[in-house]
Amino acid sequence: MNWKPIKSVDYLVVHCSATRPSQEVTAEDIELWHRRRGWAGIGYHYVIERDGVLKQGRPDDRPGAHARGFNHLSLGFCLVGGLAEDGKTPQNNFTLEQFDTLRNILEYYKTHHPEAEVLGHRDLGANKACPCFDVREWWAR
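This structure is a prediction, so every number in the text was calculated from the model and none was measured.

**Q** Where do I start with unusual backbone geometry in this structure?
**A** Between C130 and P131 the backbone carries a cis peptide bond, its omega angle lying at 10 degrees. By the element assignment, P131 lies in the loop between β5 (117–120) and α3 (135–140). Non-glycine residue A18 carries a positive phi angle of around 55 degrees. Its location among the elements puts A18 in the loop between β1 (11–16) and α1 (27–36). Of the residues examined, A18 reaches a relative accessible area of 43% and is grouped as partly exposed. In the Ramachandran plot, C132 falls in the positive-phi region, its phi being about 75 degrees despite a non-glycine side chain. Its location among the elements puts C132 in the loop between β5 and α3. The exposure class of C132 is buried, given its relative accessible area of 15%.

**Q** Hey, could you run me through helix α2 (residues 96–112) in this one?
**A** Note that an α-helix has 3.6 residues per turn; residues three or four places apart therefore point the same way. For α2, with 17 residues, the first-to-last C-alpha span of 25 Å sits near the 24 Å given by 1.5 Å per residue. Along α2, the residues that are buried comprise Q98, F99, T101, L102, I105, L106 and Y109. Along the axis of α2, the buried residues cluster in a sector spanning 160 degrees; they form a single face. Exposed residues on α2 whose side chains face more than 90 degrees from its buried face are L96 and T111. For α2, the elements touching its buried residues are β1, β2 (46–48), β3 (54–56), β4 (74–79), β5 and α3.

**Q** Would you mind showing me how to read the environment of F133 here?
**A** In this fold, F133 is placed in the loop between β5 and α3. Judged by relative accessible area, which is 8%, F133 ranks as buried. Spatially, the C-alpha atom of F133 lies 9.8 Å from that of F94, the residues being 39 residues apart in sequence. Non-local contacts of F133, meaning those with residues more than four positions away in its chain, are made with V14, L79, N92, F94, F99, L102, R122 and W138.

**Q** Got a minute to help me understand the packing of aromatic side chains in this structure?
**A** When we look at a pair of aromatic rings, we describe it by the centre distance and by the angle of the planes. Across all of its chains, the model carries eleven aromatic pairs by this definition. Between Y108 and Y109, the aromatic rings sit 5.0 Å apart at their centres with planes inclined by 90 degrees, giving edge-to-face as the arrangement. Each member of the aromatic cluster is reached from another via a ring pair, and the members are F94, F99, F133, W138 and W139. Positioned above the aromatic ring of W138 is the side chain of R103, whose terminal nitrogen or guanidinium carbon lies 4.3 Å from the ring centre.

**Q** What is the right way to look at the pattern of salt bridges in this model?
**A** Close approach of charged atoms allows side chains with opposite charge to pair. Under the defined criterion, the tally for this structure stands at seven salt bridges. Put simply, K55 and E28 hold a salt bridge, and the shortest N to O gap is 3.7 Å. Of this pair, K55 sits in strand β3 while E28 sits in helix α1, and the two are 27 residues apart along the sequence. A residue is classified by how much of its surface remains accessible, and K55, at 24% relative accessible area, is partly exposed.

Criteria and cut-off values
Residues numbered from 1 in each chain as written. Predicted model: local features only at pLDDT ≥ 70, side-chain atom pairs only at ≥ 80, totals over all residues. Heavy atoms only, no water. Helix = DSSP H or I, 4+ residues; strand = E, 2+ residues; numbered from the N terminus. Buried < 20%, exposed > 50% of the residue type's maximum accessible area, 1.4 Å probe, protein only. Expected span 1.5 Å × (residues − 1). Arc of directions from axis to C-beta. Contact = heavy atoms within 4.5 Å. Phe/Tyr/Trp six-rings, centres within 6.5 Å; stacked < 30°, edge-to-face > 60°. Lys NZ or Arg CZ within 6 Å of the ring centre and 35° of its normal. Salt bridge = Lys/Arg side-chain N within 4 Å of Asp/Glu carboxyl O.

Given below as structure tokens:
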């Protein structure tokens, strides 16, 4: 074991895969992309595919590779999509099924980690639009 378990979940971080809505991307695809980067598997704890299906990534007790400087204090949730069809422009193009699944999984984790803050990757100082919508505003509804 080359990693230290997560001791505290202070953040529930929402990401996007930065892919076009027409791309059929799976959690297994993301796993492969991350391994090709030299990572020890998928960086997210969960992936929500376009049809709303939730797939487990890293085990919950293992730090992710999704938010530099915050991996040891957070769980990462990735929505497939987030780019317009041009492949460059950030776009909130997630499905209703994805948002339903995201809300359900975040509510589940908030019951186990009530002090954890729900936010987007961009809210942690990442120089990107990820996940292409205001997570705090969405969560507050």
